[in-house]
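Residue-level structure breakdown
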Amino acid sequence: MLLTVVYFVAITAEAMSGALAAGQRNLDFFGVVVIAFVTALGGGTIRDLVLGHFPIGWTQHPGTIYLVVSAGLLTTLIARHMVRLKRLFLVLDAMGLAAFSLIGCRVAVEMDYATPVVILAGMITGICGGILRDVLCNQVPIVFSGELYAVVSLAVCALYLGLAFCGVAEPIAIAISVVAGLVLRLLAIWRGWRLPTFSYHERWD
Amino acid sequence: MLLTVVYFVAITAEAMSGALAAGQRNLDFFGVVVIAFVTALGGGTIRDLVLGHFPIGWTQHPGTIYLVVSAGLLTTLIARHMVRLKRLFLVLDAMGLAAFSLIGCRVAVEMDYATPVVILAGMITGICGGILRDVLCNQVPIVFSGELYAVVSLAVCALYLGLAFCGVAEPIAIAISVVAGLVLRLLAIWRGWRLPTFSYHERWD
Amino acid sequence: MLLTVVYFVAITAEAMSGALAAGQRNLDFFGVVVIAFVTALGGGTIRDLVLGHFPIGWTQHPGTIYLVVSAGLLTTLIARHMVRLKRLFLVLDAMGLAAFSLIGCRVAVEMDYATPVVILAGMITGICGGILRDVLCNQVPIVFSGELYAVVSLAVCALYLGLAFCGVAEPIAIAISVVAGLVLRLLAIWRGWRLPTFSYHERWD
């Protein structure tokens, strides 16, 4: 229930950040809407495809489509005021990362997938929207560039499954995992924690 | 019936234009065939995946595969003569856009999806082939760059559904929507109508 | 049986070569693991999606996930020693290409798809992992740049189907096709055989 509210806030925030990314590439209004859509709903779409979970989530909730398209278009109007809300957006994005990851886990659990697949389903839901956005904007996905982002998704999924395994009640396990993910992500931003990178420049091929 | 003829003409034209795009990137003959295939059949493939519509269309019609592969290879032979046919190709591409969009709508209608999903299915069918072509050629999709292209697809889908809702007979609704889409697209090219773009260059991340 | 052993060796080799490609882009450790995963298992995933073959292969074998993730991370430790193994990797990659192609064919045959779809399924399995890797690394797929790679996959698929059609026993048909593919690929590397490219630079759009 609370997760649903967080989910709708999160897809709105993701759609708006996707629209800004489109603006950085000078895309037209159709491009803005597509990138907003893909950023917000692309992760869940890829998860549903990989799990064979049909019909795909958003096709059953047309309201989600209107919400994402409106958020994308609205962003083009209020973009210049959004810098002031930058901190709010970082928090919403962190909340969304945690909520998307949890929702992805739960879909895979309900379909009786094995634990590593459940964790992957959570991470796909949390991260693939941003990867699709970056591929369509013709850049290497930002999530591969050292930010502590995917690791937060992994931590949320693992914590949730661990708590469930220990018999913690569902709503409490959800609340703890979302809050822990939010705190970890904001700490990583605040303290500048980064993942090490791997550089390899031998001639190989 | 007429839609089927238009469809085969359109996938041939799309495959040929995909092959030319591959030639602009100096791809090898295998790359030419892949880009031709993806440009012509990629939109329908993504639509079928998103709708959970299995088996995917072209897997049931191997003739389509031969047609697209042949069209791609043929293009490498006659490419230097094709500039003279540039106008013909613009018309065929506009026809294809309208036909693909309609076919996508109809698949989603038959599967009882809600109206916004039906329209999206039409637009995915019309546009995603070109998006996949551009992603594989490592460039930002042209369809996001201001051409009145996706909007034509949207107009065709909306007009078709509107006419069907008003009780217009199926073949007439199809004919009107295709012709209207064709006219709108050619007018947009002729008059240089463009979609506004959204530019945003604040430091955000 | 033998095909299974070759398969596991091949996905390990593909994951390691994917990790090196990620290192050439200075990706972080999460990016390394994603690129390793996608290079090794992406081809089979796309094949299963296109054929509507659910659940997708690796979701039923979590061991595959651990193997690929470990191979990717291990590569970051031993990368500087791997140049000495360059020839071994070329052989493993060629073996993997043949094995992936055959496995893809067999999945499509079991699902009663028509022959051209069976061949496409084999080629998708053999090649799409590398295509996904290159798209995520923001470059035009290497497989389109003239290497005799996709053609080897096509030859393996066609030879296998031809032998099966002539009544050759399954294990013998598999062995002959894999060996023929391996030899053809290594000959192509050794002799520098390349596919012609198609260049087209008229102003078109």
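So, how was this worked out
Residues numbered from 1 in each chain as written. Chains lettered and ligands numbered in written order. Predicted model: local features only at pLDDT ≥ 70, side-chain atom pairs only at ≥ 80, totals over all residues. Heavy atoms only, no water. Helix = DSSP H or I, 4+ residues; strand = E, 2+ residues; numbered from the N terminus. Rg over C-alpha atoms; globule rule 2.2 N^0.38 Å. Contact = heavy atoms within 4.5 Å. Areas by Shrake-Rupley, 256 points an atom, 1.4 Å probe, with all protein chains shown as cover. Expected span 1.5 Å × (residues − 1). Bend = angle between axes of the 7 residues up to and from the residue. Buried < 20%, exposed > 50% of the residue type's maximum accessible area, 1.4 Å probe, protein only. Phe/Tyr/Trp six-rings, centres within 6.5 Å; stacked < 30°, edge-to-face > 60°. Buried area = accessible area lost by both parts, 1.4 Å probe. Salt bridge = Lys/Arg side-chain N within 4 Å of Asp/Glu carboxyl O. Nonpolar A, V, L, I, M, F, W, Y, C, P; charged D, E, K, R; others polar. Least-squares fit on C-alpha atoms with pLDDT ≥ 70 in both. UniProt positions renumbered as here; feature names shortened; annotations may be inferred.

Below, the discussion takes up the overall build of chain A. Check the secondary structure of chain A and you find 7 helices and 0 strands. The linear arrangement of helices and strands in chain A, starting from the amino end, is α-α-α-α-α-α-α. For 205 residues, the compact-globule estimate of 2.2 N^0.38 gives 17 Å, and chain A sits close to it at 17 Å. Summarising its shape, the C-alpha atoms of chain A cover approximately 50 × 50 × 35 Å along the three principal directions. Pairs at least 24 residues apart make up 74% of the contacts formed inside chain A by residues separated by at least 6 positions. Accessible area of chain A: about 8700 Å², with a carbon and sulfur share of 67%.

Residues spaced three or four apart along an α-helix face the same direction, because each turn holds 3.6 residues. Residue and element names in this part refer to chain B. Between its first and last C-alpha, helix α5 (residues 115-136) extends 31 Å over 22 residues, near the 32 Å set by a 1.5 Å rise per residue. Most pronounced at Ile 127, the bend in α5 amounts to some 45 degrees. Extensive coverage of α5 is indicated by the burial of 19 of its 22 residues. Of the residues trailing α5, Asn 138 is marked for its positive phi of about 60 degrees.

Right, let's talk about the packing of aromatic side chains for a bit. As enumerated under the stated definition, the model contains 18 aromatic pairs over all chains in all. Seen in terms of ring centroids, B:Phe54 and C:Phe54 are 5.4 Å apart; in terms of plane orientation they differ by 70 degrees. Their pairing is edge-to-face. Residue B:Phe54 is found in the loop between α2 (29-51) and α3 (62-82), and its partner C:Phe54 is found in the loop between α2 (29-51) and α3 (62-82); the two belong to separate chains. The partly exposed category is assigned to B:Phe54, whose relative accessible area is 27%. Judged by centre distance (5.4 Å) and plane angle (70 degrees), the rings of C:Tyr7 and C:Phe8 are edge-to-face.

This part is about the interface of chain B and chain A. Contact with chain B, which involves 32 residues of that partner, is made by 37 residues of chain A. Roughly 3000 Å² is buried in total at the junction of chain B and chain A, and carbon and sulfur atoms are behind 74% of that figure. Our enumeration of links across chain B and chain A arrives at 0 salt bridges. Of all the elements in the fold, those that place two or more residues in the side of chain B that touches chain A are α2 and α5 of chain B. If you tally residues by element for the side of chain B that touches chain A, the top one is α5(B), at 7 residues. Among the residues forming the side of chain B that touches chain A, the class breakdown is 22 nonpolar, 8 polar and 2 charged.

Right, let's get into the relation of the copies chain B and chain A. With an RMSD of 0.0 Å, the fit of chain B onto chain A corresponds to turning through 120 degrees and sliding 0.0 Å along the axis. This pairing of chains is accounted for by a three-fold axis. By C-alpha distance to the rotation axis, the residue of chain B lying nearest is B:Asn138, at 3.8 Å. A different interface surface on each copy is seen, since only 12% of the contact residues of chain B are contact residues in chain A too.

With that settled, the discussion passes to the UniProt feature "domain: Glycine transporter" (unreviewed entry) in chain A. All names here are of chain A. Under the UniProt annotation, the feature "domain: Glycine transporter" (unreviewed entry) is placed at residues 5-78 and 91-163. Split by type, residues 5-78 is 81% helix and 0% strand. Its first and last C-alpha atoms lie 23 Å apart. In residues 91-163, the share of helix is 77% and the share of strand is 0%. The end C-alpha atoms are 24 Å apart.

Residue and element names in this part refer to chain A. The feature "transmembrane region" (unreviewed entry), as given by UniProt, occupies residues 31-51, 63-83, 89-109, 116-136, 148-165 and 172-193 in the numbering adopted here. Across residues 31-51, the secondary structure splits into 100% helix and 0% strand, with the terminal C-alpha atoms separated by 28 Å. Helix makes up 100% of residues 116-136 and strand 0%, with an end-to-end C-alpha separation of 28 Å.

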